[in-house]
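Summary of structural features
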Number of protein chains: 2
Amino acid sequence: MNEFDFIDHLRRLSESRKHSTRVLTGIGDDAAIISESAGKELVFTTDLLVEDVDFYSDATSARHLGHKALAVSLSDVAAMGARPLWSFLSIGLTPDRWNSDFRDRFFAGYFELADRFAVTLSGGDVSESKVIVIDSIVLGEADAGAAVKRSGARAGDQIYVTGNLGGAAAGLKLIEMGMRVSAPHGVADGFASQSDDDAIQSLLLRQLRPQPRVGWGIVLGEQRLATSMIDISDGLSSDLNHLCRESNVGAVIEAASIPLDADVKRLCGRRALDPLALALHGGEDFELIFTVAPEDISRLPKKVDGVSITRIGEIDNLAGSTRIRERDRLWDLHPRGFSHFDD
Amino acid sequence: MNEFDFIDHLRRLSESRKHSTRVLTGIGDDAAIISESAGKELVFTTDLLVEDVDFYSDATSARHLGHKALAVSLSDVAAMGARPLWSFLSIGLTPDRWNSDFRDRFFAGYFELADRFAVTLSGGDVSESKVIVIDSIVLGEADAGAAVKRSGARAGDQIYVTGNLGGAAAGLKLIEMGMRVSAPHGVADGFASQSDDDAIQSLLLRQLRPQPRVGWGIVLGEQRLATSMIDISDGLSSDLNHLCRESNVGAVIEAASIPLDADVKRLCGRRALDPLALALHGGEDFELIFTVAPEDISRLPKKVDGVSITRIGEIDNLAGSTRIRERDRLWDLHPRGFSHFDD
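Residues numbered from 1 in each chain as written. Chains lettered and ligands numbered in written order. Predicted model: local features only at pLDDT ≥ 70, side-chain atom pairs only at ≥ 80, totals over all residues. Heavy atoms only, no water.

Across its full length, chain A carries 10 helices and 14 strands. In terms of principal-axis extent, the alpha carbons of chain A reach across some 65 × 60 × 40 Å. Across the 343 residues in chain A, those meeting the buried criterion constitute 62%. A total accessible area of about 12,800 Å² is found for chain A, and carbon and sulfur atoms account for 48% of it. (Helix = DSSP H or I, 4+ residues; strand = E, 2+ residues; numbered from the N terminus. Buried < 20%, exposed > 50% of the residue type's maximum accessible area, 1.4 Å probe, protein only. Areas by Shrake-Rupley, 256 points an atom, 1.4 Å probe, with all protein chains shown as cover.)

Residues and elements named next belong to chain B. Not every positive phi belongs to a glycine, and arginine 224 is a case in point at roughly 50°. You can see arginine 224 is positioned in the loop between helix 7 (214-222) and strand 8 (228-231). One non-glycine residue, phenylalanine 286, lies in positive phi territory at about 55°.

Of the residues lining the interface, 74 residues belong to chain A; the matching set on chain B comes to 74 residues. Between chain A and chain B the total buried area reaches about 6,000 Å² when both faces are included, carbon and sulfur atoms providing 54% of it. Our count for the contact surface shared by chain A and chain B stands at 12 salt bridges. For the salt bridge of B:Glu246 with A:Arg11, the shortest nitrogen-to-oxygen distance reads 2.8 Å. For the pair chain A and chain B, the number of links is 32 residue pairs in polar contact (both at pLDDT 80 or more). The element that contributes the greatest number of residues to the side of chain A that touches chain B is strand 3 (residues 40-50) of chain A, accounting for 10 residues. (Contact = heavy atoms within 4.5 Å. Buried area = accessible area lost by both parts, 1.4 Å probe. Salt bridge = Lys/Arg side-chain N within 4 Å of Asp/Glu carboxyl O. Polar contact = N/O pair within 3.5 Å; in protein donor to acceptor, adjacent residues only side chain to side chain.)

Strand order in this open sheet of six strands is 1(A)-2(A)-3(B)-6(B)-4(B)-5(B), and the pairing throughout is mixed. In the strand order of this sheet, the two ends are held by strand 1 (23-25) of chain A together with strand 5 (120-128) of chain B, each with one partner. Across this sheet, the average inter-strand angle for adjacent strands is 20°, counted without regard to direction. Bridge analysis of strand 4 (residues 83-93) of chain B against strand 5 of chain B gives eight bridges, and the strand direction is parallel. In the strand pairing of strand 5 of chain B, B:Ser90 is matched with B:Asp125. Packed on one face of the sheet, helix 2 (residues 62-78) of chain B meets strand 3 (40-50), strand 4 and strand 6 (133-143) of chain B and runs near 35° to strand 6 of chain B. (Pairing = 2+ DSSP bridges. Axes fitted to C-alpha atoms, helices over the stretch in contact; angles between N-to-C directions.)

Our focus in this paragraph is the sheet that holds strand 4 (residues 83-93) of chain A. Read from one edge to the other, the open sheet built from six strands follows the order 5(A)-4(A)-6(A)-3(A)-2(B)-1(B), with strand pairing classed as mixed. Looking at the sheet topology across the chains shown, the edges are occupied by strand 5 (120-128) of chain A together with strand 1 (23-25) of chain B. Strand-to-strand twist across the sheet, computed as the mean angle between neighbouring axes with direction ignored, equals 20°. Across the sheet, helix 2 (residues 62-78) of chain A is in contact with strand 3, strand 4 and strand 6 (133-143) of chain A; its angle to strand 6 of chain A comes to roughly 35°.

On to the pairing of strand 6 of chain A. Residue and element names in this part refer to chain A. The element strand 6 is largely enclosed, with a buried count of 10 among its 11 residues. Across 11 bridges, the pairing between strand 3 and strand 6 is antiparallel. Bridge pairing in strand 6 links leucine 48 to aspartate 135.

Moving on to the relation of the copies chain A and chain B. With an RMSD of 0.0 Å, the fit of chain A onto chain B corresponds to turning through 180° and sliding 0.0 Å along the axis. The transformation relating the two chain copies, once decomposed into turn and shift, fits a two-fold axis. Nearest to the rotation axis, the C-alpha of A:Ala38 is located 2.2 Å from it, this being the minimum over chain A. When the interface residues of chain A are mapped onto chain B, 100% of them again fall at the interface, so both copies present the same face. (Least-squares fit on C-alpha atoms with pLDDT ≥ 70 in both.)

This next bit is on the packing of aromatic side chains. Evaluation of the coordinates by the stated rule reveals 21 aromatic pairs over all chains. With 5.3 Å between their ring centres and 75° between their planes, B:Phe106 and B:Phe107 make a pair best called edge-to-face. Residue classification places B:Phe106 among the buried positions, given a relative accessible area of 0%. B:Phe107 gets classed as buried once you look at its relative accessible area, which sits at 5%. Among the aromatic side chains, those forming a connected cluster through ring pairs are A:Phe6, A:Trp98, A:Phe102, A:Phe106, A:Phe107, A:Tyr110 and A:Phe111. Over the face of the ring belonging to A:Phe111 we find A:Arg17, whose NZ or CZ atom lies 4.3 Å from the ring centre. (Phe/Tyr/Trp six-rings, centres within 6.5 Å; stacked < 30°, edge-to-face > 60°. Lys NZ or Arg CZ within 6 Å of the ring centre and 35° of its normal.)

This part covers the packing of helix 1 (residues 3-16) of chain B against helix 4 (residues 102-116) of chain B. All names here are of chain B. Packing of helix 1 against helix 4 leaves a shortest axis separation of 13 Å and a crossing angle of 25°. Taken together, the axes of helix 1 and helix 4 are roughly parallel relative to one another. Considering only the axes of helix 1 and helix 4, their crossing is right-handed. Mapping the contact onto sequence places Phe6, His9, Leu10, Leu13 and Ser14 in helix 1 and Arg103, Asp104, Phe107 and Phe111 in helix 4. A class-by-class count of the residues in the contact of helix 1 with helix 4 yields five nonpolar, two polar and two charged. (Parallel < 35°, antiparallel > 145°, perpendicular 65-115°, else oblique. Left-handed = near helix turned anticlockwise from the far one by under 90°. Nonpolar A, V, L, I, M, F, W, Y, C, P; charged D, E, K, R; others polar.)

All names here are of chain A. Along the polypeptide, serine 228 turns up in strand 8 (residues 228-231). Take serine 228: its relative accessible area is 0%, and that puts it in the buried class. Along the primary structure serine 228 and valine 148 are separated by 80 residues, whereas in three dimensions their C-alpha atoms are 5.5 Å apart. Not counting residues up to four positions away in its chain, the partners in contact with serine 228 are Val148, Lys149, Arg150, Gly152, Ala153, Leu243, Ser247, Ile289, Phe290 and Thr291. Looking at serine 228, its side chain comes within polar contact range of the side chain of threonine 291, at 2.6 Å.

Another point: the pattern of salt bridges. Scanning all chains against the criterion turns up 48 salt bridges over all chains. Across the pair A:Arg22 and B:Glu36 runs a salt bridge, and its minimum N-O distance is 3.4 Å. Pair noted here: A:Arg22 is in the loop between helix 1 (3-16) and strand 1 and B:Glu36 is in the loop between strand 2 (32-35) and strand 3, and the two residues belong to different chains. Comparing A:Arg22 with B:Glu36 shows no difference in burial state: the two are buried. A salt bridge links A:Asp52 to B:Lys130; its shortest N-O distance comes to 3.0 Å. Residue A:Asp52 is found in the loop between strand 3 and helix 2, and its partner B:Lys130 is found in the loop between strand 5 and strand 6; the two belong to separate chains. One salt-bridge network, held together by shared partners, links A:Arg206, A:Arg213, A:Asp261, A:Asp285 and A:Glu287.

Here we come to the packing of helix 5 (residues 167-176) of chain A against helix 6 (residues 194-208) of chain A. Residues and elements named next belong to chain A. Direction vectors running N to C along helix 5 and helix 6 enclose 105°, while the axes themselves pass 7 Å from each other. Judged by the angle between their axes, helix 5 and helix 6 are roughly perpendicular. On helix 6, the residues that touch Gly167, Ala168, Ala170, Gly171, Leu172, Leu174 and Ile175 of helix 5 are Ile200, Leu203, Leu204, Arg206, Gln207 and Leu208. Taken together, the residues of the contact of helix 5 with helix 6 break down into nine nonpolar, three polar and one charged.

In this section: helix 6 of chain A. Residue and element names in this part refer to chain A. Helix length check: helix 6, at 15 residues, gives a terminal C-alpha distance of 21 Å against a target of 21 Å (1.5 Å per residue), a fit within 8%. Of the residues making up helix 6, those classed as buried are Asp196, Asp197, Ala199, Ile200, Gln201, Leu203, Leu204, Arg206, Gln207 and Leu208. Buried-residue contacts for helix 6 involve helix 2, helix 5 and helix 9 (262-268). (Expected span 1.5 Å × (residues − 1).)

Geometric descriptors of this kind do not, in isolation, establish any biological role.
See the structure below:
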């Protein structure tokens, strides 16, 4: 199957599950055509994933990689309070991956997640490459003025986070220790029980198959509940810092309020890994941090899609300063998340 | 400079030259926000360029690469008859490229072309990579119903092409022979004169710094002159075949009418390279092939932005069949352009 045949194949897969009548021309032309609407704003994000930098092929299945490629961009659209509608995918594969079932398993994972949120794959590009490269693009939409930026937080706003934190970073550490999905080893290393195995599997999947908070994003945006929002890709300390810088405000968070992943507490506490440090500085949890004006707190739903939220702190006027209170001490919280190309 | 500093730098560069007031949030948030308009259609394209597959770093300058990355996507938007407005760029660089002036020279070439067509860089992503990977994304816009698809050609429509053909393929052959921009060698190999040197430089630039036909695209779309259109990325034979397949028609083109690049005729004829074969099957000329209904031919402008067009043939009803007439013989014209991952 050459690239044109494969693009035809994707086109049939995409058209058979078309969720949007507004894609007037999808895969199969020089460009896709999408009809615009008055009073709407387009929200656009792209995420580049490179083998051996952003993921390790020996640690992830093709199916999980297809899921994660879409998930990271869905998370960005959620962080804007927008509804994801259309996606595009540029993918470069090595010839051996092209000629194996990698391709089909990758798209199985991709389409499974796209279908769950009614997102229509509408185009992209294919190339050969020495390493796998994936550029994942998602377009979403919000009512005019409803998209939630990083820059809207004001002093007195309360800071919330969805779900719980630290799981993805712990999963990455387990991968680096040699653990794999469905084939955990290192049992002699202190992970003996069945429930430990379950915890390991769960943490590996937090890293390899993150669940974007699409439902929360839509609710917070459509009901105009959040004054600012960002997703946790680099780490809570980094991403909260980004949000504060863009809003020209500061923040104090409470260490005791940070929702720690239960599996992280269970496993990492025993291994001299500080669960709080993983939750603060570990990236890729793909939870949402958002701020809410005091008068809107009563309108917040308790759960969306089964995911709850936790109040972790408050915005103040100390521009650019993020601090964390632990018992009766207040520490500076420096961003220590992930960055390509450190200084 | 780490990735966050660099993204801030790009953000300032982008904001200082902002061509579009409809980008409500560009670089610096989880996603870009662009306001939609009633009665408009969004045209969206993405092109993945991978080092050692789609370009050779020892043969292209960073500045030309930045130009070409944007040019190939502008060409796709032109092929839809749309006006390019916004761009996004995902780029993976090796650490040595990141820490050199490669990055700044790449963006100098990119912004120079973006400014020429008033395109606003509105977001993207940065990663580390073992080879350079670039995903170039351009969004354009057309009035509702005015975007020109590949599928609108009808029997009797006349086939036109912008500019002239074969130059980019000849340039690639020169690169493969070791020729470089501003430093031609192989003089002892028959390329002695100053005017030969000029021809070589010109052909190298056709390959390395293609000129997208943005003006023609806008005119053909806005004035509803073209019934179908495609750009020549894979090669005239391949791309005309794509157009005929999508339109469910056939085509006959006239060999004597194909506009051959003058430098190709000058240099290649002497070297047992058939200029017509380069024009038919060589890719990356980034000219536009389009079809015009007989009653609209008189409305066609002679030139746009100094670029003329040539009538090369006619659409007929032999679905999926492309033929070429040379003197009094009619040959089947099989697609022989570029494809990743051949069967």
